Each structure stands twice: as C-alpha cells, then as structure tokens.
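# Structural characterization, general
The primary structure of each chain is shown beneath.
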Amino acid sequence: MGYYDQTPNGRRRSKGGRTFLAGLGGVLVGALLIWLLFNSRPDLMPGNSAQTSQNQTETVETSEEGQTEQRSVEVTNDVTEAVEIADDTVVGITNMQAGSDFFSESPNQAVGTGSGVIYKNEGGTAFVVTNHHVVTGATDIEVTMPDGAKKAATLVGSDVWTDLAVLSMDGEGIGDIAEFGDSDVLKQGETVIAIGNPLGLDFYGSVTTGVVSGKDRAVPVDIDGDNVIDWQVDVLQTDAAINPGNSGGALINISGQLIGINSMKINAATAEGIGFAIPINTAIPIIETLESEGQMIRPAMGITLMDLNEVPQMYREDTLNLPADVTSGVVVNSVIPDSGAAEAGLQEFDVIVEMDGEPIDGSIALRKHLYEEKEIGETLQVKAYRDGELLEFEFELVDNSSLQ
C-alpha cells in the first residue's frame, strides 16, 4: 500500500513525487553552476586549449578590475591561406614616359600604374606578366616589390590583341613565383580572389574576393581607339572587384594558383560587380612566345581591311557593285605588295565573304579565323566579290613579322 500525505483539501499527495521534484531541482541547479563556470573559463572545457576552433586562435589579455577584457582572435581560412601563397608574387608596375614639362627635374614621369605577376625566376632574371595597356608607350618601366623596393624592368614583348605583356628584371632577392593553375576546370560559382593595386600604389596588394560569374565570355574591344570594335577577347567573368590599377594583377583560385590575369572592367554606370580576366590557359602560350620571340607571330594575309557595314549604301552599289543580298563581309582597303594576297590576285575593294568554307561577316570573324584556326605556312581559301562577281582565291599564309 502506498504512503501519502493528506492535503488541506483532503486529497492525498505522494511523497515519492515530492522526492522526485526535489532531485530534479538539484540537477538543474548543478547544471546551471557548471554552465556559469565554463562560460567564465572556456579554457576549462574538455579538449579546449588556446585554439578555440580549427582555424581560430584566441589570446585573452587580463585587465584591471572594472575594465573591458580584450580578446585577440587570429582567424585562418581558405582565402587567407591562398592569399598568403600568392600575395608576394604580385607587384606594382609604373609606366614612365618622357616628361612634357620643360622645367621638370626628371626626364621621365609616371603616367600610369598597374599590376603584374612574377611567374619565373631563372638564371638571375625574373619575368613578370602584365597587361599590354599597362606598359604601352613606356620609355621606362619601374616595378614595385612587395617590400617597397623598386626595380627597373625591360619590356620583353607585348601583344595588343590579347592585352598581355612580359617584362624582365633582376631576379636577386625574389623568392616567390606564381604557380599556374588550370582555368579550363573552373566552375561557375567557384571562389576566386583578385590581388592588385587598385587606384595606384597607395592601395598596393589589395585583395578582393568573388566567384567565377561566367566562363568563355567574349568581350568586344577597340584596339586602335577609333571607337570601332576591332576584336573580341575571350575572358573569365568575375564579381571580385577589379578597378583601374588592378590591370595585370592576379586572379587566383582557393589553392593560391594563378588562373587569370585581370584585364578590364565594365565601367558603365549601370554595371556593377562585373570584372574580367584573361584565362591562364589562354595566356600561357602568349607568355611563352613573347618571352622567346619578343612578339606574337601570327599568320597574315597581307591586306588592310574594313567592315562592309561601315560602308555607306551608296558606295556599296556604285563603287563595290555588290549584289543587293550581300549585306556583310570585309572590304579590302589595300593589298601589301609581294604578300600572299597580292600574289593570289586580291585587289582593293574586293569584298571577302568566305574563308575555308566559313562565312565571314566582319573583321572580327576574319581575325578569329586567321589567329585561332590557321597556322603560318597553311593554305587559305578565300571567296570575295569583285564588280558583282564571286571569285575564289588561294594562297599561303606568312608570318606577320615578314610584312613591312
């Protein structure tokens, strides 16, 4: 038979239940005391040491009673580790040109700054890759090292079409060089990090992060400054901030590998978070050729040209005598004597509409076909209109350096 207390209203209360409640209260009080102890002294937690997490180190500085306690936390993550690998390979580039001021104390003045990446140090000479537009027109080039030291650099070679240039300088004291990654295996959404000198050397070695926004983008560019699109550069798109001065700097992956050379940014007021970099797999053969040859040697036809869509309709009918259904192509402005085009019989005002069976709708398509699908010494088949008649031509491509 159970043992009960009598309550004032006559009901019976179990003493076993009262004992249980008292025990539960004791457990809760004990747990509260333990929580308060560990909250004030986290170092007493089982398995706890000075490192509070895998990537975070915490140091506590004691202070006088009544003052705020200071905690110093050192955080390490994938981004900081990648930057630590690559940041000493990124340098500042200063474009020096002859001063226009008669009273200037220096014969050369800085007209622009950019960034570059040290990718090789061999035989006492270090090599830096940067953008063509960073060093164009320079009479002298100055490289600013991560420790602030200045080195004179020499332009080895430059290529306007890919916006790449290679510099050389004294390799003494240079330890870190960039490791090339593989831009072909990048995925949309993958983390990337831009390192460079936005807005000048005052912000040397700035780091911005983002993702690969797009691959295989084609960005139209005006090469000669005449406000006419001359070329389409194949680039990576990223939302990592790339500002003036970042040009020529590094775009790295989370492993610290160089996967792109930052090159340009859309500066339209309606565009934000859109930056571009030359994929490293595209850049490597250009870099190697510039280093060994001093220039990019590409196949050439031996003509100057303009897009048919730039020609007024009146001249299409009167001068070119084109059929009405021919609305796109490339007009031959002039033919270089003794070139392959000249020997094959191409003439001024011929309108090229096809090369090797592929339609050619403008100068970009023509250059893409030449530079990306043909080699020096190969035969090129061309179809062009002359006085309303479609003619065929065939000739051998030569290197552009042989055409003066």
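Cut-offs applied
- Numbering of residues starts from 1 in every chain and runs along the sequence as written.
- Residue-level local features of this predicted model are given only where pLDDT is at least 70; pairs of side-chain atoms are given and counted only at 80 or more, and the full residue set underlies all totals for whole chains, interfaces and linings.
- With hydrogens and water set aside, each side-chain value is computed from the structure's full complement of heavy atoms.
- Helix and strand definitions follow DSSP, with helices as H or I runs of at least four residues and strands as E runs of at least two, each counted in order from the N terminus.
- Burial classification: accessible surface area is computed with a 1.4 Å probe over protein chains only, and a residue below 20% of its type maximum counts as buried, one above 50% as exposed, and the rest as partly exposed.
- Contacts are residue-level and defined by heavy atoms, with any inter-residue pair within 4.5 Å sufficient.
- All accessible areas in this document rest on Shrake-Rupley with a 1.4 Å probe, and a residue is counted as covered only by the protein chains that are shown.
- Pairing of aromatic rings covers Phe, Tyr and Trp, the last counted by its six-membered ring, and requires centre-to-centre distances within 6.5 Å; plane angles under 30 degrees mean stacked, over 60 mean edge-to-face, and any other angle means tilted.
- Charge-over-ring contacts are defined here by two conditions on Lys NZ or Arg CZ: a distance within 6 Å of the ring centre and an angle within 35 degrees of the ring normal.
- The criterion for strand pairing is that DSSP finds at least two bridges linking the strands in question.
- To define axes, lines are fitted to C-alpha atoms, for helices over the stretch in contact only, and angles between the resulting N-to-C directions are given on a 0 to 180 degree scale.
- Residue types Ala, Val, Leu, Ile, Met, Phe, Trp, Tyr and Cys, when buried and joined through side-chain atoms within 4.5 Å, form a set referred to as a nonpolar core.
- Helix span, expected: 1.5 Å multiplied by one less than the number of residues in the helix.
- This arc corresponds to the set of directions leading from the helix axis out to the C-beta atoms.
- By convention in these notes, a salt bridge is any Lys or Arg side-chain nitrogen within 4 Å of a carboxyl oxygen on Asp or Glu.

For the protein, the count of helices and strands is seven helices and 25 strands. Put simply, the protein has 404 residues, and 37% of those count as buried. Contacts in the protein between residues far apart in sequence, at least 24 positions, make up 59% of those at least 6 positions apart. For the protein, the accessible surface area stands at approximately 22,400 Å², while carbon and sulfur atoms represent 49% of it.

Let us now look at the packing of aromatic side chains. Across all of its chains, the model carries five aromatic pairs by this definition. Where Trp231 meets Tyr371, the ring centres are 5.7 Å apart and the plane angle is 50°; that geometry is what we call tilted. Taken as a pair, Trp231 in strand β14 (residues 231-238) and Tyr371 in helix α7 (residues 363-373) lie far apart in primary sequence, 140 residues in all. For Tyr371, a relative accessible area of 25% puts it in the partly exposed group. Over the ring of Phe127 we find Lys120; its NZ or CZ atom is 5.5 Å from the centre of that ring.

Attention now moves to the pairing of strand β9 (residues 140-144). Alignment of strand β6 (residues 90-98) against β9, held across five bridges, turns out to be antiparallel. Within β9, the position partnered with Asn95 by the bridge is Ile141. Pairing of β9 with strand β10 (residues 150-159) involves four bridges; the strand directions are antiparallel. From the neighbouring strand, Thr144 faces β10, where its bridge partner is Lys150. Count of turn residues in the β9/β10 antiparallel hairpin: five residues, of which Gly148 carries a positive phi of about 95°.

This part is about the sheet that holds β10. Judged by pairing direction, the barrel is antiparallel, and its six strands sit side by side in the order β6-β7-β8-β11-β10-β9 before closing back on the first. On average, adjacent strands in this sheet sit at an angle of 40° to one another, irrespective of strand direction.

Judged by nonpolar contacts, the single largest core of 24 residues is most densely connected at Val117, Val129, Leu164, Ile252, Leu258 and Ile261. Ranked by residues supplied to this core, first place goes to helix α4 (residues 280-293) with five residues. The residues contacting Ile261, other than those within four sequence positions of it, are Val117, Val129, Asn131, Leu164, Gly248, Gly249, Ala277 and Ile278. Core analysis: the next-biggest nonpolar cluster, separate from the first, contains 18 residues, Ile360, Leu391, Phe395 and Leu397 among them.

The end-to-end C-alpha distance of α4 is 19 Å, a good match for the 20 Å that 14 residues give at a rise of 1.5 Å each. Of the positions making up α4, those classed as buried are Ile280, Ala283, Ile286, Ile287 and Leu290. Looking straight down α4, one finds that the buried residues subtend no more than 120° of arc, so they occupy a single side. Exposed and facing more than 90 degrees away from the buried side of α4 are Glu288 and Ser292.

This part is about unusual backbone geometry. Trans peptide bonds make up most of the peptide bonds, and negative phi angles are found at most residues other than glycine. If you check the backbone angles, Asp216 has positive phi at about 55° while not being a glycine. Here Asp216 is to be found in strand β13 (residues 206-221). Positive phi, close to 65°, is recorded for Asp338, a residue that is not glycine. Residue Asp338 is classed as exposed on the basis of its relative accessible area, which comes to 71%.

Enumeration over the complete set of coordinates arrives at nine salt bridges. A salt bridge links Arg298 to Asp159; its shortest N-O distance comes to 2.7 Å. On the criterion of sequence distance, the pair formed by Arg298 in the loop between α4 and β18 (299-300) and Asp159 in strand β10 is long-range, its members being 139 residues apart. Residues Arg298 and Asp159 agree in their burial class; the two are buried. Here Lys368 and Glu372 are joined by a salt bridge, their closest N and O atoms 3.2 Å apart. Taken as a pair, Lys368 and Glu372 lie in helix α7 at a separation of four residues, close to a single helical turn. Relative accessible area serves as the criterion here: at 15%, Lys368 is assigned to the buried category. Classification of Glu372 as partly exposed rests on a relative accessible area of 47%. By sharing partners, the salt bridges in this structure join Lys120, Glu122 and Glu291 into a single network.

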